[in-house]
Amino acid sequence: MKLKGDQSTSRALNRRLILNLLRREGPKSRAEIATVTGLSPAAVTFVIADLIEEGHVTEGKAVAGLSGRRPIPVEINYANGLAIGFKLMVGSAECVVTDLATSPLASLRLTLADHDPENVAKTLAAAVPSLLKSAGRPNARLAGIGISMPGVIDNDQATCVRSHRYDWNNVPLASMLAQKVKVPVWLEDDTNAYAIAQQLFGLGRQHRNMAVLAIGVGISCAQIIEGKLYRGANGAAGKFGHVVHEENGRVCECGKRGCLMAYYSQPSMLRTWRERTNRDSSHGLPEMLDAMHKNEPVIASIVQEAGIGIGKALANLVNVTDPEVIVVGGEAVSFGDALFGPLKSTMAIHTFRPAPPLLPDWEDNSWARGAAALVTQKFFDFETSGGTTGGTEAMGKTSIA
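Residues numbered from 1 in each chain as written. Predicted model: local features only at pLDDT ≥ 70, side-chain atom pairs only at ≥ 80, totals over all residues. Heavy atoms only, no water.

Caption draft 1: Structural context of helix α1 (residues 10–25). For α1, with 16 residues, the first-to-last C-alpha span of 22 Å sits near the 22 Å given by 1.5 Å per residue. Along α1, the residues classified as buried are A12, N14, R15, I18, L19, N20, L21, L22 and R23. Where α1 ends, the next residue or the one after it, G26, has phi of about 85 degrees, a positive value. (Helix = DSSP H or I, 4+ residues; strand = E, 2+ residues; numbered from the N terminus. Expected span 1.5 Å × (residues − 1). Buried < 20%, exposed > 50% of the residue type's maximum accessible area, 1.4 Å probe, protein only.)

Caption draft 2: Just the nonpolar core, in detail. Among the nonpolar cores identified, the biggest contains 43 residues, and I18, I33 and F380 are the most heavily contacted of them. Here I18 is in contact with I33, L39, V44, V47 and I48, once residues within four sequence places are set aside. (Core = buried A, V, L, I, M, F, W, Y, C linked by side-chain atoms within 4.5 Å. Contact = heavy atoms within 4.5 Å.)

Caption draft 3: Region of the structure containing the sheet that holds strand β12 (residues 168–171). The strand order across the open sheet formed by 3 strands is β10-β11-β12, and the pairing between neighbours is antiparallel. A strand with exactly one partner marks an edge of an open sheet, and here the two such strands are β10 (152–154) and β12. Looking at each pair of strands side by side, their axes are set apart by 15 degrees on average, direction ignored. (Pairing = 2+ DSSP bridges. Axes fitted to C-alpha atoms, helices over the stretch in contact; angles between N-to-C directions.)

Caption draft 4: Quick look at the pairing of strand β14 (residues 210–215). In terms of burial, β14 is largely enclosed, as 6 of its 6 residues are buried. Burial of β14 is two-sided: the residues M210, V212 and A214 facing one way and the residues A211, L213 and I215 facing the other way are all buried. As judged from the 6 bridges shared by β14 and strand β15 (residues 219–225), these two strands associate in the antiparallel manner. In the sheet register, A214 faces β15, and the bridge partner there is S220. Between β14 and β15, which pair antiparallel and follow one another directly, the connecting turn spans 3 residues. In the sheet, β14 pairs with strand β17 (residues 325–329) via 5 bridges, with the strands oriented parallel. For A214, the partnering residue across the bridge sits in β17 and is G329.

Here's what the structure looks like:
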């Protein structure tokens, strides 16, 4: 599935403009596309003809009205390709195969026997045939594979620069997998990938400036600024869980003391609950969540403290970046209003302007779909890609084959 044209050409820019309009707003006639984009009718006709020939766009049915035959709408053919997403976690990987709208077609969970990079790449590669078979789309070609994982990622080289949870340094996981499966592979930090999915097809679809907060095994907050994912100078932007919460406090997984996530990530809240209730390690996350559902005062107090602590830190971020909305995902979403209530009220106290809306994401497979979105963003040449493929050199700059 090749996308024609070099990115420096006007035709390629027009393609991107039209595809993203159809993505955001749905089916439109050629005349409507010309009006909204400001392109000439001839330019729109040329681009639409190419996209129809390639199978990326289809024509709908003209509907007769009082004034006669109406223009024929065109829309994106999301079934024209498949994307696979792997979301790496400690000891396992969530896997999903989607269409080009990141709508799940099949999913599974893999067990990772260890974190050796070669073994991880082999395990992911072995899962590809069964995922494609489960999708039930034998005529659709695999556009590529996206991998998301916690860590600092060099997006240009598709390399994991550092991951504390995997104890990796400079691991070129994307190229390792691409050599085994012979399709393009992209690698990204898991919260960044999740933010891309939210920007493309999720709660941030209509917003160019948003924060995407993740509260789970860790805490992080990706930033979409003027339609672009902000990665920072070294790919380490968004490590929100490492802001200072308490001087010389608890030791964080990064080795430093007092980080926010050392107190309010889900494992850290579990640790606090055990300490305050004198429970041992046999009492895990299911028991803590059960206590939450039973409205036990100790866990209710811990979750409230988390809402206040995260809310204060988030208010500082809002005062600096001024997002339109804040999308919230991760395992801690299950705490619901017990967490979000104090978080929102604390933000309201400390933000310079009225705090932006908080939008919880309750969708299943959101994180694995975020990995699949790394493939889909190349179809749209979406701005959050930062102008790089994030894949291997053999993939090329203008194809999602």
